[in-house]
Amino acid sequence: MKVLITRKIPRVVLDHLSKHTSLQIEMLEGEPLTEEQLIQKVQDVDALLTIIPDQITKAVINAAPNLKVISTYSVGYDHIDLKAATEKGIPVTNTPGDLTESVAEFTWALILAVAKKIVVSDKYVRSGCFKCWEPLLYMGPRINEKTLGLVGLGSIGCHVARMAKGFNMNVLYYDIKQNQKAELETGAKYVSLHDLLEKSDFVSIHVPLLPSTQHLIDLNALKKMKPTAYLVNTSRGPVIDEDALAKALEEKWIEGAALDVFEEEPHIYDKLMSLDNVILTPHIASATREARIQMARIAAENIIEVLINNKTPTNLVNRDLNA
Ligand code: DGY
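Residues numbered from 1 in each chain as written. Predicted model: local features only at pLDDT ≥ 70, side-chain atom pairs only at ≥ 80, totals over all residues. Heavy atoms only, no water.

## Quick look at helix α13 (residues 289–307)
Working step 1: With 19 residues, α13 should cover 27 Å at 1.5 Å per step; its first-to-last C-alpha distance of 27 Å lies within 8% of that length.
Working step 2: The set of residues buried in α13 consists of A291, M295, A296, I298, A299, A300, N302, I303, I304, E305, V306 and L307. (Helix = DSSP H or I, 4+ residues; strand = E, 2+ residues; numbered from the N terminus. Expected span 1.5 Å × (residues − 1). Buried < 20%, exposed > 50% of the residue type's maximum accessible area, 1.4 Å probe, protein only.)

## Regarding the UniProt feature "domain: D-isomer specific 2-hydroxyacid dehydrogenase catalytic" (unreviewed entry) in the protein
Working step 1: Taken from the UniProt record, the annotation "domain: D-isomer specific 2-hydroxyacid dehydrogenase catalytic" (unreviewed entry) applies to residues 3–318.
Working step 2: Annotation note: span residues 3–318, helix share 35%, strand share 14%, distance between end C-alpha atoms 20 Å. (UniProt positions renumbered as here; feature names shortened; annotations may be inferred.)

## Some points on the UniProt feature "domain: D-isomer specific 2-hydroxyacid dehydrogenase NAD-binding" (unreviewed entry) in the protein
Working step 1: The positions that UniProt labels "domain: D-isomer specific 2-hydroxyacid dehydrogenase NAD-binding" (unreviewed entry) are, in the present scheme, residues 109–285.
Working step 2: The span residues 109–285 is 33% helix and 15% strand, and its two end C-alpha atoms sit 9 Å from each other.

## Structural notes on the packing of aromatic side chains
Each aromatic ring pair is summarised here by two numbers: the centre-to-centre distance and the angle between the ring planes.
Working step 1: If you walk through the whole model with that rule in mind, you get four aromatic pairs.
Working step 2: Where W108 meets F167, the ring centres are 5.0 Å apart and the plane angle is 25°; that geometry is what we call stacked. In this pair, W108 sits in helix α5 (residues 100–115) while F167 sits in the loop between α7 (155–164) and β7 (170–174), placing the two residues 59 residues apart along the sequence.
Working step 3: Accessibility expressed as a relative area gives 4% for W108, which makes it buried. (Phe/Tyr/Trp six-rings, centres within 6.5 Å; stacked < 30°, edge-to-face > 60°.)

## Remarks on the site of the ligand
Working step 1: If you check the shell around the ligand, you find I52, S74, V75, G76, L99, R236, H283, S286 and M295 and nothing else.
Working step 2: Contact distances for the ligand include 2.6 Å between an oxygen atom and a backbone N or O atom of V75.
Working step 3: With respect to the ligand, the side chain of H283 contributes an N or O atom lying 2.7 Å from an oxygen atom.
Working step 4: Within the complex, the protein chains bury 89% of what would otherwise be the 230 Å² of accessible surface of the ligand.
Working step 5: Here the residues of the shell around the ligand sort into four nonpolar, four polar and one charged. (Near = heavy atom within 4 Å. Polar contact = N/O pair within 3.5 Å; in protein donor to acceptor, adjacent residues only side chain to side chain. Areas by Shrake-Rupley, 256 points an atom, 1.4 Å probe, with all protein chains shown as cover. Nonpolar A, V, L, I, M, F, W, Y, C, P; charged D, E, K, R; others polar.)

## A few points about the pattern of salt bridges
Working step 1: Evaluated as defined, the whole model comprises 16 salt bridges.
Working step 2: Two residues, R236 and D78, come together in a salt bridge whose shortest N-O distance is 2.9 Å. Pair noted here: R236 is in the loop between β10 (230–233) and α11 (242–250) and D78 is in the loop between β4 (69–72) and α4 (82–87), with a separation of 158 residues, a long-range link.
Working step 3: Its relative accessible area of 11% is what places R236 among the buried residues.
Working step 4: Judged by relative accessible area, D78 falls into the partly exposed class, the value being 35%.
Working step 5: Two residues, R126 and D122, come together in a salt bridge whose shortest N-O distance is 2.6 Å. With a gap of four residues between them, R126 and D122 both fall in helix α6 (residues 118–126), about one helical turn apart. (Salt bridge = Lys/Arg side-chain N within 4 Å of Asp/Glu carboxyl O.)

## Observations concerning the pairing of strand β6 (residues 147–151)
Working step 1: Most of β6 sits out of view: five of its five residues are buried.
Working step 2: Residues T147, G149 and V151 point to one face of β6 and L148 and L150 to the other, with burial holding for every one of them.
Working step 3: In terms of strand pairing, β6 meets β7 through five bridges, oriented parallel. Within β7, the residue paired with G149 across the bridge is L172.
Working step 4: Taken together, β6, α7 and β7 form a β-α-β motif whose crossover is right-handed.
Working step 5: Bridge analysis of β6 against strand β9 (residues 202–205) gives four bridges, and the strand direction is parallel. Bridge assignment links L148 to a residue of β9, and that residue is F202. (Pairing = 2+ DSSP bridges. Right-handed = clockwise from strand over helix to strand, strands pointing away.)

This is the structure in structure tokens:
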């Protein structure tokens, strides 16, 4: 059976898969494949191990008559046409769990970096501008006892909330459902999105990309935020309307933003590029050695569960498949 891995990922994936001699593994390197290239490559594959930039469209799925499982090397699966996979009876799996702490840590790195002006002040020093200690240079907010607003209180949001305890923060959250168990554990308080935006000093996004979350943070949402507030996104780019955000940053409706994800990755909206009150990072929130190695192991296990053990994979995403 053929397994296609569309991009070089940690070797552990090969260690796991190659224990099964019935699997013939191909791991591609280099540029992400276009839809046309994917259509050519999947024609005889039994399992597809895919990454976020691959667009696994209906056409790609239809071009793979032997396909038995799509295992994505990510938690998010918005790059896969789930409906088309489900119609074909193909399980889609992801890699939840192990990246939670890593993404939460990165969220905090962004909050601290943007609030404490780390990136701009580093540029200032390197460009020789540091001539004298300045009482008013790069002043920003203290974080201790401020209000953190989490849009989404899933496992990553919960971990960010736990870490906020170290800063004695007041934590608010908005989600489609109130989560009393998480509230008890983290101390986060459930509020409407409107209240969260109005009251928070730091707003951090932790929702998946769904039709209902696309542009959840639009012009109106940004207008509700405090002029001293910061917006951080480590979830998916299209949750924020980038054009609206650029306007909000330019016109100082908010003080700053830090983005690890973008509406049309890897393209970065031009207006954001020229602003110095936004930090831009290349979708690396989960990029710890620990998380990326575990993700490779889980992605391989997801394939083994289907192809070798012939069972419903633990990390099945299209749960209605078995309904
Ligand atoms: C994911 O897994 O969805 C992250 O965005 C990348 O690790």
